[in-house]
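Fold and geometry: a report
What follows is each chain in one-letter form.
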Amino acid sequence: MAQTSGQTDYIAEDKSKPRCCWGAEVEIDVNNISENLLGIQKEIAPCKPRIIGVTKYYGLDSIIKGYEAGLRDFGESRAIEAVKKIESLPEDIRKSSKFHFIGHLQTNKVNKVVRNFDYIHSVDSLKVASVISEAIRESGRQVKLLLQVNNANEVQKSGYLKEDLLADMPEILKFDNLEIVGLMNIAPLGATGTELRKLFSDIREFKKEIEKSFGIKLNELSMGMSDDYKIAVEEGATMIRIGRKLFTK
């Protein structure tokens, strides 16, 4: 069964070869990634957010060639598949890269994610925060965390409602081994430019509210994907999560 993201379909039996909606297979090409990366950097200049290459629909080759093209941050959302990729990487690439878990995190996958990822963008409940805290204590690793906010109130998506996060923050902050560095959101598919700008600016202002209310500093805003990253950057994104725009022509 094919999976869909934006306008690109991916072949389940060979995730290293994404297939566009016209049916033509596209090989992962380092020169193409380099050109796409440069184009994105020019579009968002002078801002310099961290560009996370989202390789979740692609094979191991996408990380290797992305690294060769200059990427150092990679995003995955399927824990078991991602860990296999990370463990299969050449040691120099693995040690010189940062890995971001950007999908919904099930509690039974937390140990694997904590042991292999540098950032988790999708902390969406007090229970998940608690399990992450225990996994960090057992592993001895420190992972940077972002709290996912569903400020579009989409029932089909994970993420905290704003009022629920405000209620849970005092308990989350009691976990002294959790390094909370920012907020993350995912904008609805098909949102207009005006709607996107409102959602992204709302997350930016909500971050300020949390900082003021709880006396903490949150440096990161993970907002924006292939179709909306330019607006996200204009509204303060410090991390953008780009897949199709980087890895396909």
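Residues numbered from 1 in each chain as written. Predicted model: local features only at pLDDT ≥ 70, side-chain atom pairs only at ≥ 80, totals over all residues. Heavy atoms only, no water.

**Re the overall build of the protein**
Note the cut-off: Strands are runs of DSSP state E lasting at least two residues, helices are runs of H or I lasting at least four, and both sets are numbered from the N terminus onward. Type-normalised accessible area, obtained with a 1.4 Å probe on protein chains alone, sets the label of each residue: buried when under 20%, exposed when over 50%, and partly exposed for intermediate values. Contacts are residue-level and defined by heavy atoms, with any inter-residue pair within 4.5 Å sufficient. Only the protein chains shown count as cover for residues, and the accessible areas themselves come from Shrake-Rupley with a 1.4 Å probe.
Along the backbone of the protein there are 10 helices and 11 strands. Each of the 249 residues in the protein was classed as buried or not, and the buried ones make up 50%. Of all intrachain contacts in the protein linking residues separated by at least 6 positions in sequence, the fraction that spans at least 24 positions is 62%. Put simply, the protein shows about 12000 Å² of open surface, and 48% of that area lies on carbon and sulfur atoms.

**Section: the pattern of salt bridges**
What counts is decided by this rule: Any Lys or Arg side-chain nitrogen found within 4 Å of a carboxyl oxygen on Asp or Glu counts as a salt bridge.
In the structure shown here, the tally under the stated rule is 18 salt bridges. Note that Lys217 is salt-bridged to Glu211, the shortest N-O span being 3.8 Å. With a relative accessible area of 58%, Lys217 lands in the exposed category. The exposure class of Glu211 is buried, given its relative accessible area of 13%.

**A short note on the side chain of Asn36**
Along the chain, the position of Asn36 falls in helix H1 (residues 30–44). Residue Asn36 is classed as buried on the basis of its relative accessible area of 17%. When sequence neighbours within four positions are dropped, the list of residues in contact with Asn36 reads Lys245, Leu246, Phe247 and Thr248.

**Some remarks on the packing of aromatic side chains**
Put simply, the rule is: Any two rings among Phe, Tyr and Trp, with Trp reduced to its six-membered ring, count as a pair given centres within 6.5 Å; such a pair is stacked if its planes are under 30 degrees apart, edge-to-face if over 60, and tilted if neither.
One pass over the structure, following the stated rule, counts 3 aromatic pairs. Measuring from centroid to centroid gives 5.4 Å for Phe101 and Phe117, while their planes differ by 85°, and the two rings are edge-to-face. With Phe101 in strand S6 (residues 98–101) and Phe117 in the loop between helix H5 (110–116) and strand S7 (119–123), this residue pair connects regions lying 16 residues apart in the sequence. This pair shows no difference in class: Phe101 is buried, exactly as Phe117 is.

**Quick look at the nonpolar core**
Stated formally: Among buried residues, those of type Ala, Val, Leu, Ile, Met, Phe, Trp, Tyr and Cys that are joined through side-chain atoms within 4.5 Å constitute a nonpolar core.
Core analysis: the largest hydrophobic core is formed by 62 residues, its most contacted members being Ile51, Ile120, Ile132, Leu165, Leu183 and Ile240. Among the nonpolar cores identified, the runner-up in size contains 6 residues, and Tyr119, Leu146, Val181 and Met239 belong to it.

**Quick notes on unusual backbone geometry**
Omega for the peptide link from Ala45 to Pro46 comes to 5°, which places this bond in the cis form. The topology assignment puts Pro46 in the loop between H1 and strand S4 (50–54). With a phi angle near 55°, Asn153 is a residue other than glycine that sits in the positive phi range. With respect to the helices and strands, the residue Asn153 is situated in the loop between strand S8 (144–148) and helix H7 (162–172). The class for Asn153 is exposed, based on a relative accessible area of 52%.

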